[in-house]
Amino acid sequence: MKTIKPVPDREVPVTLKTSLAQKSAITPCCLIFAGRGGTGKSTHARLHAEWIERSGLSLKIADLDRTNATLTAFYPNLVEAPRTADDKDVMTFLEDILERQIEEKYHLILDFGGGDLVLKNLALRLDLVGFFRDYAIQPVLFHHLGADLDYLAYLASLEEDGLFRPEKTIVVLNEFIKPSSQSVEIAFETIMRSRQLGDVLKRGARMISLPDLLPAPGIDRKRLRFYEAVQNRQSVDIPPLGPIKRQMLVQWLRTVGERFREADVDLPWIPTKGQFP
């Protein structure tokens, strides 16, 4: 039987590393993952966390999901969270970590729970786009959508009230939600023909579809990061992914990177064509 050799532990290709000069020139970003529960926010956030970390850039993660603190399990050394799920504690924590980002210039991931109104409430208190601009932080807002019009409610509340409309807005259609027999175009036809989405795209937002990650249950159960799973690592008492599931993951990583490039999403950690995996 052919032996499948694992990739060396945490191997980072030279092409993925960022020089010190490049790092100093990169504007700190605040990545905000918003949308209803089950739309792939945390999975998507984990991928950007790995891309940023593998690029050698400074990163912190705020796990603001009050009912399912997924990111804490995968990034215990990077994640911070509110003391309690109380609205006041969550808002105080959010304000604090944003102010520290201004001082320390790290990239920041904010992962909100499904339908959480903390971001909207903060936007009601101050001009968030102006705040980020004045303090040289680049906000990046990811709106995660399912296949029916109800998923547009949160997007519409931020857009139509003019509460938070950052230049870098990316609409993410989660293919996991659609029936496997339907194409993206058919499954998301109602959403894609909606006035709300049309208005967002007209002002320059980008849109990608996030492919279904078939080995996700095994990766999540083993508490593996994506690149750890590709590299054939294993958790303390659970064996690593098998070669078929690993290859599915490799294809998923490549496809997501391709879709970001095709949508012309300009983020410094998006892998260029041909980068690992």
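All of these numbers come straight from a predicted model, not from anything done at the bench. Here, residues in each chain are numbered from 1, in the same order as that chain's written sequence. In view of the model being predicted, local features appear only for residues whose pLDDT reaches at least 70, and side-chain atom pairs are presented and counted only at 80 or more, with totals across whole chains, interfaces and linings using the full set of residues. Where side-chain values are given, they derive from all heavy atoms of the structure, hydrogens and water being excluded.

Q: Is there a simple way to explain helix α4 (residues 87-104) in this structure?
A: In an α-helix, one turn spans 3.6 residues, which is why side chains three or four residues apart end up on the same side. A run of DSSP states H or I qualifies as a helix once it reaches four residues; a run of E qualifies as a strand once it reaches two. Both are numbered from the N-terminal end. Multiplying 1.5 Å by the residue count of a helix minus one yields the expected span of that helix. The terminal C-alpha atoms of α4, which comprises 18 residues, lie 26 Å apart, in line with the 26 Å expected from a rise of 1.5 Å per residue. Whether two residues are in contact is decided by their heavy atoms: any pair within 4.5 Å suffices. Looking at the packing, one finds that the buried side of α4 touches β1 (29-35), β2 (59-64), β3 (79-80), β4 (107-112), α5 (118-125) and α6 (128-134). Side-chain atoms alone can form a polar contact between residues adjacent in sequence; in general such a contact is a pair of N or O atoms within 3.5 Å, and within protein one must be able to donate a hydrogen while the other accepts it. One side-chain oxygen of the residue at the start of α4 lies 3.0 Å from the amide nitrogen of Lys88, identifying that residue as Asp86. Downstream of α4 by one or two residues, Lys105 has phi in the positive range, about 60°.

Q: Please clarify how the side chain of Asp65 should be interpreted in this entry.
A: Structurally, Asp65 is set in the loop between β2 and α3 (70-74). The buried label goes to any residue with under 20% of its type's maximum accessible area, the exposed label to any with over 50%, and the partly exposed label to all in between, with areas taken from a 1.4 Å probe on protein chains only. For the charge count, each Lys or Arg is scored as positive and each Asp or Glu as negative, with His and the chain ends excluded. The working definition used for a salt bridge is a side-chain nitrogen of Lys or Arg within 4 Å of a carboxyl oxygen of Asp or Glu. Within the buried set, Asp65 has no salt-bridge partner at all; the shortest N-O distance to an opposite charge, 5.7 Å, is to Lys41. In contact with Asp65, other than residues within four places in its own chain, are Asp111, Phe112 and Gly113.

Q: Whenever I open this one, the pairing of β1 confuses me. Can you help?
A: A regular strand places its side chains on the two faces of the sheet in alternate fashion. Within β1, 7 of the 7 residues are buried, which leaves it mostly tucked inside the rest of the structure. Both faces of β1 are covered, namely the face carrying Cys29, Leu31, Phe33 and Gly35 and the face carrying Cys30, Ile32 and Ala34. Here a strand pair is declared whenever DSSP counts at least two bridges between the two strands. Bridging between β1 and strand β5 (residues 138-145) involves 7 bridges; their strand directions are parallel. Bridging from a neighbouring strand, Cys30 pairs with Pro139 of β5. Alignment of β1 against β4, held across 4 bridges, turns out to be parallel. Looking at β4, one finds that Phe33 is bridged to Asp111.

Q: Looking at this structure, how should I read the sheet that holds β5?
A: Two strands in a sheet stick together by hydrogen bonds in their backbones, pointing the same way (parallel) or opposite ways (antiparallel). Strand order in the open sheet formed by 7 strands is β3-β2-β4-β1-β5-β6-β7, and the pairing between neighbours is parallel. The outermost strands of the open sheet, each flanked by one partner alone, are β3 and β7 (206-210). Pairing geometry for β5 and strand β6 (residues 168-174), over 6 bridges, is parallel. By the bridge assignment for β6, His143 is matched with Val171.

Q: Is there a simple way to explain the confidence of the model for the protein chain in this structure?
A: Low pLDDT marks regions whose predicted coordinates should not be analysed in detail. Confidence of the predictor in every single residue is expressed as pLDDT, which spans 0 to 100. For the protein chain, mean pLDDT is 86; residues scoring 70 or higher make up 88% of the total. Low pLDDT (under 50) marks residues 1-16, which in the prediction has 23 contacts with non-local residues, meaning those over four places away or in another chain.

Q: For this particular structure, what's the right way to read the pattern of salt bridges?
A: By the definition in use, this model includes 15 salt bridges. Arg83 is the partner of Asp89 in a salt bridge, and the nearest nitrogen-oxygen pair spans 3.2 Å. Through salt bridges with shared partners, a single ionic network connects Lys60, Glu80, Asp96 and Arg100.

Q: Explain a nonpolar patch on the surface here, please?
A: Taken together, the side chains of Leu214, Ile244 and Met248 make up a nonpolar region of the molecular surface, amounting to roughly 310 Å² of accessible area. Residue position: Ile244 is located in helix α13 (residues 243-262). Each patch is built from residues that are more than 30% exposed by relative accessible area and take part in no salt bridge. Like charges join if they lie within 9 Å; nonpolar side chains (Val, Leu, Ile, Met, Phe, Trp, Tyr) join within 5 Å. Surface exposure here means Shrake-Rupley accessible area, sampled with a 1.4 Å probe, where a residue is shielded only by the protein chains that are shown.

Q: Quick question: what am I supposed to make of the packing of aromatic side chains here?
A: For any two aromatic rings, the description comes down to two numbers: the centre-to-centre distance and the angle of the planes. Aromatic contacts are taken between Phe, Tyr and Trp rings whose centres are within 6.5 Å, Trp giving its six-membered ring; a plane angle under 30 degrees counts as stacked, one over 60 as edge-to-face, and the others as tilted. Tallying each qualifying case throughout the model produces 6 aromatic pairs. With a centroid separation of 5.5 Å and 65° between ring planes, the pair formed by Phe131 and Phe132 is classed as edge-to-face. Take Phe132: its relative accessible area is 3%, and that puts it in the buried class. For Phe131, a relative accessible area of 18% corresponds to the buried category. Put simply, the rings of Phe131, Phe132, Tyr135 and Phe164 pair up and form one aromatic cluster. Cation placement over rings: the criterion is NZ of Lys or CZ of Arg within 6 Å of the ring centroid and within 35° of the ring normal. A cation over a ring is seen here: Arg36 above Tyr151, with NZ or CZ 4.1 Å from the ring centre.

Q: Can you walk me through the packing of helix α7 (residues 153-160) against helix α10 (residues 195-202) in this structure?
A: A pair of packed helices can be characterised by two numbers: the angle between their axes and the separation between those axes. In this analysis an axis means a line fitted to C-alpha atoms, helices contributing only their contacting stretch, and an angle means the value between N-to-C directions, from 0 to 180 degrees. Relative to each other, α7 and α10 sit at 50°, their axes nearing to 10 Å. Between α7 and α10, the angle is such that the two are oblique. Regarding α7 and α10, the two cross each other, and that crossing is left-handed. Where α7 abuts α10, its residues Leu155, Ala156, Glu159 and Glu160 lie against Arg195, Gln196 and Val200. Roughly parallel here means an angle under 35 degrees, roughly antiparallel means over 145, roughly perpendicular means 65 to 115, and every remaining angle is called oblique. Rotating anticlockwise by less than a right angle from the far helix to the near helix defines a left-handed crossing, while the corresponding clockwise rotation defines a right-handed one.

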